[in-house]
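The chain contents come next:
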Amino acid sequence: MSGMLLRLAGTAAVAAQAVLAPVSAAAAPDPQPSVARLLTDLQRLYRQTEQATETYNATTEKLERQRAEVARLDAELVRARLTLGAHRTDAGRLARQQYQSGDGLGPYVRLLFAPDPQHALDEGHVIGELARERARTVALLTEAEKRKDALARAARKALDTQLGLAGRQRRQRDEVRDRLAGVERLLAHLTPEQLAAVARLEEQGVAAAQRRLATAGALPDDRPAGPRARRAVGYAMAQLGKPYRWGAQGPDAYECSGLTSQAWSHAGTPIPRTSQEQWRRLPKVPLNRLRPGDLVVYFPEATHVALYVGDGKVVQAPRPGEKVTVAPLASYPVLGAVRPGPGGGDSGQAPVSEPR
């Protein structure tokens, strides 16, 4: 985690010249803010960025589903129009037949005066069949008209929903960019010494949180993982060193839930896309019963997630400026853990929180 702050020192200087210079003295932050305050500010900005990112990801997922629904309805509407056209053709054919065969006499009158009553009865049977066919055709035509109209209304509504989601996605994308710009502005004002001090303080906080988990008996013993969990861990470990990029799901870059969802997808067990849905929908497990492959979820809003690899460590895509890495389980404030795949978790387990 601290490596990011040090690596961004040069980037921050460039950002200061390209984006912020000249900066008035009145607009600059306090000349000597405390290291603890700097760390708090950075953590707040990163957390806000991750919250905005997860919201953006959720909207993107909804938009993808809505686009598929629009395509499905459009295809159904085409089929309904073709069916309606066929029924209209049948109705027209029957109308022509009725017109061409009409002689002005009803079937009962023809039967009464027919020289051959049996022939007339046979003819009456045919007329009855034609009448029934005409009734069926009219009913099918009416139903096809109703279905076409209903599908047209549903398609219009689905398209309106898609357009609304697309607009929301653009607004949320802009919010993420604004949050990232806030991080860059803060980093641009820090000296290398301040960056190093913030990194050291952050490392100390993580180490203290890890010790608290160990003292409370919340860190797991080594437990065997199933075949799919091993594949998920293997996939995630193969991504080490790839950069964090918000909204990314690989293969060249990842954000936190993009990494965990792709790891389990490659293991043959698709899971929800966002960390919040992973926390909400997957079975909970206690921290002290974690197995490699389980997911550790962070912050009260469930806005960060990592994949447990054993020995009290997780693999994660931490935050902007960092790369996929192995880190202590307590890298962020722990909300709890979930277990993807068959077998689920221990039923009835409440979330396990570890404030920092």
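Below is a summary of the structure that appears in this document. All values derive from a computational prediction rather than experimental measurement.

**Observations regarding the overall build of the protein chain**
Moving on, step 1. When helices and strands are tallied, the protein chain shows eight helices and six strands.
Moving on, step 2. Across the 356 residues of the protein chain, 42% fall into the buried class.
Moving on, step 3. In the protein chain, once contacts between residues fewer than 6 apart in sequence are set aside, the share between residues at least 24 apart is 72%.

**Some details on the sheet that holds strand 2 (residues 295-298)**
Moving on, step 1. If you trace the six strands from one edge of the open sheet to the other, you get 1-6-2-3-4-5, paired in antiparallel fashion. In this open sheet, the two edge strands, each paired with only one partner strand, are strand 1 (284-285) and strand 5 (325-328).
Moving on, step 2. Relative to strand 4 (residues 313-316), strand 3 (residues 304-310) runs antiparallel, the two sharing three bridges. The partner of Leu307 across the bridge, within strand 4, is Val315.
Moving on, step 3. Those strands touched by helix 7 (residues 256-266) are strand 2, strand 3 and strand 4, and its axis lies near 50° from that of strand 3.

**Considerations on a positive patch on the surface**
Moving on, step 1. A cluster of basic side chains, namely Lys62, Arg168, Arg170 and Arg171, defines a positive patch on the protein surface.
Moving on, step 2. Take Arg170: it is sitting in helix 4 (residues 117-188).

**Considering the packing of aromatic side chains**
Moving on, step 1. Inspection of every chain in the model, using the stated rule, returns two aromatic pairs.
Moving on, step 2. Here the aromatic rings of Phe299 and Tyr332 are separated by 5.6 Å at their centres, their planes lie at 50°, and the arrangement is tilted. With Phe299 in the loop between strand 2 and strand 3 and Tyr332 in the loop between strand 5 and strand 6 (334-338), the pair connects residues that are 33 residues apart, well separated along the chain.
Moving on, step 3. A relative accessible area of 9% means that Phe299 is categorised as buried.
Moving on, step 4. By relative accessible area, which is 7% here, Tyr332 ends up buried.
Moving on, step 5. A network of ring pairs unites the aromatic residues Tyr298, Phe299 and Tyr332 as a single cluster.
Moving on, step 6. Lys284 extends its terminal NZ or CZ atom over the ring of Trp279, reaching a point 4.4 Å from the ring centre.

**Structural notes on a nonpolar patch on the surface**
Moving on, step 1. Nonpolar side chains collect at one region of the surface, where Met237, Leu240 and Val326 lie side by side and expose about 200 Å² of accessible area between them.
Moving on, step 2. Checked against the element boundaries, Val326 lands in strand 5.
Moving on, step 3. Taking relative accessible area as the criterion, Val326 reaches 31% and is therefore assigned partly exposed.

**Some remarks on helix 7**
Moving on, step 1. Buried residues dominate helix 7, accounting for nine of its eleven residues.
Moving on, step 2. Turning to helix 7, its buried residues are Cys256, Ser257, Gly258, Leu259, Thr260, Ser261, Gln262, Ala263 and Trp264.
Moving on, step 3. With its phi angle positive at about 95°, Gly268 sits one or two positions after the end of helix 7.

**Section: helix 6 (residues 227-238)**
Moving on, step 1. Over its twelve residues, helix 6 extends 17 Å from the first C-alpha to the last, a length consistent with the 16 Å expected when each residue adds 1.5 Å.
Moving on, step 2. Considered for burial, the residues of helix 6 that qualify are Ala229, Ala232, Val233, Tyr235 and Ala236. Burial along helix 6 is one-sided: seen end-on, the buried residues are contained in an arc of 160°.
Moving on, step 3. Where the residues of helix 6 are buried, they touch helix 7, strand 3 and strand 4.

Analysis parameters
- Each chain has its residues counted from 1, running along the sequence as written.
- The predicted nature of this model means local features are confined to residues of pLDDT at least 70 and side-chain atom pairs, given and counted, to a pLDDT of 80 or more, with totals for whole chains, interfaces and linings taken over all residues.
- Excluded from the side-chain calculation are hydrogens and water; included are all heavy atoms of the structure.
- The helix count covers DSSP runs of H or I at least four residues long, the strand count covers runs of E at least two residues long, and both are numbered beginning at the N terminus.
- Relative accessibility under 20% of the residue-type maximum defines a buried residue, over 50% an exposed one, and the middle range a partly exposed one, all with a 1.4 Å probe and only protein chains included.
- We call two residues contacting when some pair of their heavy atoms lies within 4.5 Å.
- Any two strands are treated as partners once DSSP identifies two or more bridges connecting them.
- Here the axes come from fitting lines to C-alpha atoms, over the contacting stretch only for helices, and the angles between their N-to-C directions go from 0 to 180 degrees.
- For patch building, the residue pool is restricted to those with more than 30% relative accessible area and no salt bridge; the joining distance is 9 Å between like charges and 5 Å between nonpolar side chains (Val, Leu, Ile, Met, Phe, Trp, Tyr).
- All accessible-area figures derive from a Shrake-Rupley calculation using a 1.4 Å probe, and residue coverage is judged against the displayed protein chains alone.
- What makes a salt bridge here is a side-chain nitrogen of Lys or Arg within 4 Å of a carboxyl oxygen of Asp or Glu, nothing more.
- Charged residues are defined here as Lys and Arg on the positive side and Asp and Glu on the negative side; His and the ends of the chain fall outside this count.
- Here the site of a charge means NZ on Lys, CZ on Arg, CG on Asp, or CD on Glu.
- Only the six-membered ring of Trp is used, alongside the rings of Phe and Tyr, when aromatic pairs are assigned; centres must lie within 6.5 Å, and planes under 30 degrees apart are stacked while those over 60 apart are edge-to-face, with the rest tilted.
- When the NZ atom of lysine or the CZ atom of arginine is within 6 Å of a ring's centre and also within 35 degrees of its normal, the charge is said to sit over that ring.
- Every helix has an expected span of 1.5 Å times one less than the residues it contains.
- The arc in question is formed by the directions pointing from the helix axis toward the C-beta atoms.

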